[in-house]
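What follows is the residue order along each chain.
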Amino acid sequence: MSKPIMLITGGSRGIGAATALGAAARGYRVAITYLGNVAAANEIVQKIQQGGGEAIAIQADVGIEADVLRLFKTVDEKMGVLHALVNNAGMLEKKMRLDQMDLGRWQRVLNANVIGSFLCAREAVLRMSTKHGGIGGVIVNLSSAASRLGSPNEFIDYAAAKGAVDSMTIGLAKEVAIEGIRVNAVRPGLIYTDIHISAGEPGRVDRAKAGVPMQRGGSAEEVAETVLWLASDESSYVTGTLLDVTGGR
Ligand code: NAP
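Remember, it's a predicted structure, so these values are computed and weren't measured experimentally.

Colleague: I'd like a rundown of the packing of aromatic side chains, residues and numbers included.
Modeller: Per the stated rule, a full pass over the model turns up 1 aromatic pair. Between F155 and Y158, the ring centres sit 5.6 Å apart and the planes meet at 80°, which makes this aromatic pair edge-to-face. For Y158, a relative accessible area of 9% translates into the label buried.

Structural data, given as structure tokens:
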């Protein structure tokens, strides 16, 4: 059997990069995407190649349909039959109350986090589903604990976007359960990555960690382990599940 192929959107940094490195170590051939940080993407590809693995990086904005179509076509042509999609690319904007937010922000946040996940999920199902001649596969969505906490005074828009990802996970899992595809979501809590810089608070995890029952933030690797378990056959009877990785928060 040839090595399975995993596509990780936003695999250039943070949780996506940790997932890419972990996937390569487990024998996957890896395709990662990035939005603008080509240097970070190339660094992950090089690390995988230096370890004897295979990886490619593709620039694509997951919120733009033409980019997503080009992305999947490139994976088809350069790598082959896709086995696993990790819908990891996501973003948030500066923390503020809802009554300070404008329409443009909501469109950007919903576009990247919701539409991006839907576009990639559709393209994956079209390739993986036995209904479409595929051989099955797995989809793991990166949601957030924000979807059930609501993120008041910070980013209700982001929390609501992740709520939509949760609903998509549940619905799509049921829709394709007999077509060979499992769909699950991981909901991280406070994880040490650069995403908090976008919120205007690089030290957010350390500021908020006292509210975590385990009294600490999590690492990108701890989230990646969960993603990789859900992508593996070890979770073969798990679908439609929202798995919290939050230290109990
Ligand atoms: P991160 O460190 O900020 O990395 C984000 C990654 O996504 C980068 O590779 C970035 O590419 C890419 N990206 C951003 N917007 C994109 C777009 N529109 N199209 C394509 N790629 C895009 O983020 P992270 O903290 O690892 O988060 C990963 C996922 O976990 C996200 O879905 C996030 O919402 C979720 N999450 C994170 C936390 C946390 O505490 N960190 C908690 C809950 C959920 P560039 O490198 O080119 O910028």
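Now that the structure is up, let's keep going.
Colleague: Residue-level account of the packing of helix 4 (residues 103-128) against helix 6 (residues 156-175), with values.
Modeller: Where helix 4 meets helix 6, the axes come as close as 9 Å, and the angle between the chain directions of the two elements is 20°. The pairing of helix 4 with helix 6 is recorded here as roughly parallel in orientation. Both helix 4 and helix 6 take part in a crossing whose hand is right-handed. For the pair formed by helix 4 and helix 6, the contact residues are R105, W106, V109, L110, N113, V114, S117, F118, A121 and V125 on the first element and D157, Y158, A161, K162, A164, V165, M168 and L172 on the second. For the contact of helix 4 with helix 6, the residue count by class is 13 nonpolar, 2 polar and 3 charged.

Colleague: Describe the nonpolar core, and please don't skip the residues or the numbers.
Modeller: Ranked by size, the top nonpolar core spans 33 residues in total, and within it M6, V30, I32, V186 and V223 carry the most contacts. Put simply, the parts of the chain that give this core at least two residues each are strand 1 (5-8), helix 1 (14-25), strand 2 (29-34), helix 2 (38-50), strand 4 (82-87), strand 5 (137-142) and helix 9 (220-231). No other element matches helix 9, which puts 7 residues into this core. One finds I5, I56, A121 and V176 within the second-largest nonpolar core, a separate group that totals 28 residues.

Colleague: Could you give an account of the pattern of salt bridges, with specific residues and numbers?
Modeller: Opposite charge on two side chains permits pairing when their charged atoms draw close. Per the counting criterion, the structure on display carries 21 salt bridges. A salt bridge links E93 to R108; the nearest nitrogen and oxygen atoms lie 2.7 Å apart. You can see E93 sitting in the loop between strand 4 and helix 4 and its partner R108 sitting in helix 4, a full 15 residues away along the chain. The partner of R97 in a salt bridge is D99, with the nearest N and O atoms 2.6 Å apart. Judged by its relative accessible area of 44%, R97 is partly exposed. By relative accessible area, D99 is classed as exposed at 54%. Three or more residues are tied together by salt bridges with common partners; here these are E65, D76, R122, E123 and R127.

Colleague: An account of unusual backbone geometry is requested, with residue identities and associated values reported.
Modeller: Positive phi outside glycine occurs at S151, with the angle close to 50°. Positioned with a positive phi, N153 is a non-glycine residue whose angle comes to about 65°. Position of N153 relative to the elements: it lies in the loop between helix 5 (146-149) and helix 6.

Colleague: How would you sum up the side chain of S143? Please name residues and give values.
Modeller: For S143, the position within the fold is in the loop between strand 5 and helix 5. A distance of 3.4 Å separates a polar atom in the side chain of S143 from the backbone oxygen of K162. Aside from chain neighbours lying at most four places away, what touches S143 is K162, V165, D166, A185, V186, R187 and P188.

Colleague: How would you summarise the site of the ligand if you had to cite specific residues and measurements?
Modeller: In the neighbourhood of the ligand, 28 residues make up the surrounding shell, with S12, R13, G36, Y158 and T193 lying closest. At 2.8 Å, a backbone N or O of I15 approaches an oxygen atom of the ligand. V62 is positioned such that a nitrogen or oxygen atom in its backbone is 3.0 Å from a nitrogen atom of the ligand. Its free accessible area being 910 Å², the ligand has 94% of it covered by the protein chains. Going through the elements one at a time, helix 1, helix 6 and helix 7 (195-198) are the ones with two or more residues in the shell around the ligand.

Colleague: Residues and numbers for the pairing of strand 4, please.
Modeller: Across the 6 residues that make up strand 4, a large majority, 5, are buried. Where strand 1 and strand 4 come together, 4 bridges link them in parallel fashion. Bridge assignment links I5 to a residue of strand 4, and that residue is L82. The pairing of strand 4 with strand 5 spans 4 bridges and is classified as parallel. When the sheet's bridge partners are listed, V86 is paired in strand 5 with V140. Handedness of the strand 4-helix 4-strand 5 crossover: right-handed.

Colleague: Hey, could you go over the environment of I156 for me, with residue numbers and the actual values?
Modeller: With respect to the helices and strands, I156 occurs in helix 6. Residue I156 is classed as partly exposed on the basis of its relative accessible area of 33%. Note: C-alpha distance between I156 and A146 (10 residues apart in sequence) is 8.2 Å. The contacts of I156, once residues within four sequence positions are left out, are L98, M101, G150 and S151.

Parameters and conventions
Residues numbered from 1 in each chain as written. Predicted model: local features only at pLDDT ≥ 70, side-chain atom pairs only at ≥ 80, totals over all residues. Heavy atoms only, no water. Phe/Tyr/Trp six-rings, centres within 6.5 Å; stacked < 30°, edge-to-face > 60°. Buried < 20%, exposed > 50% of the residue type's maximum accessible area, 1.4 Å probe, protein only. Axes fitted to C-alpha atoms, helices over the stretch in contact; angles between N-to-C directions. Helix = DSSP H or I, 4+ residues; strand = E, 2+ residues; numbered from the N terminus. Parallel < 35°, antiparallel > 145°, perpendicular 65-115°, else oblique. Left-handed = near helix turned anticlockwise from the far one by under 90°. Contact = heavy atoms within 4.5 Å. Nonpolar A, V, L, I, M, F, W, Y, C, P; charged D, E, K, R; others polar. Core = buried A, V, L, I, M, F, W, Y, C linked by side-chain atoms within 4.5 Å. Salt bridge = Lys/Arg side-chain N within 4 Å of Asp/Glu carboxyl O. Polar contact = N/O pair within 3.5 Å; in protein donor to acceptor, adjacent residues only side chain to side chain. Near = heavy atom within 4 Å. Areas by Shrake-Rupley, 256 points an atom, 1.4 Å probe, with all protein chains shown as cover. Pairing = 2+ DSSP bridges. Right-handed = clockwise from strand over helix to strand, strands pointing away.

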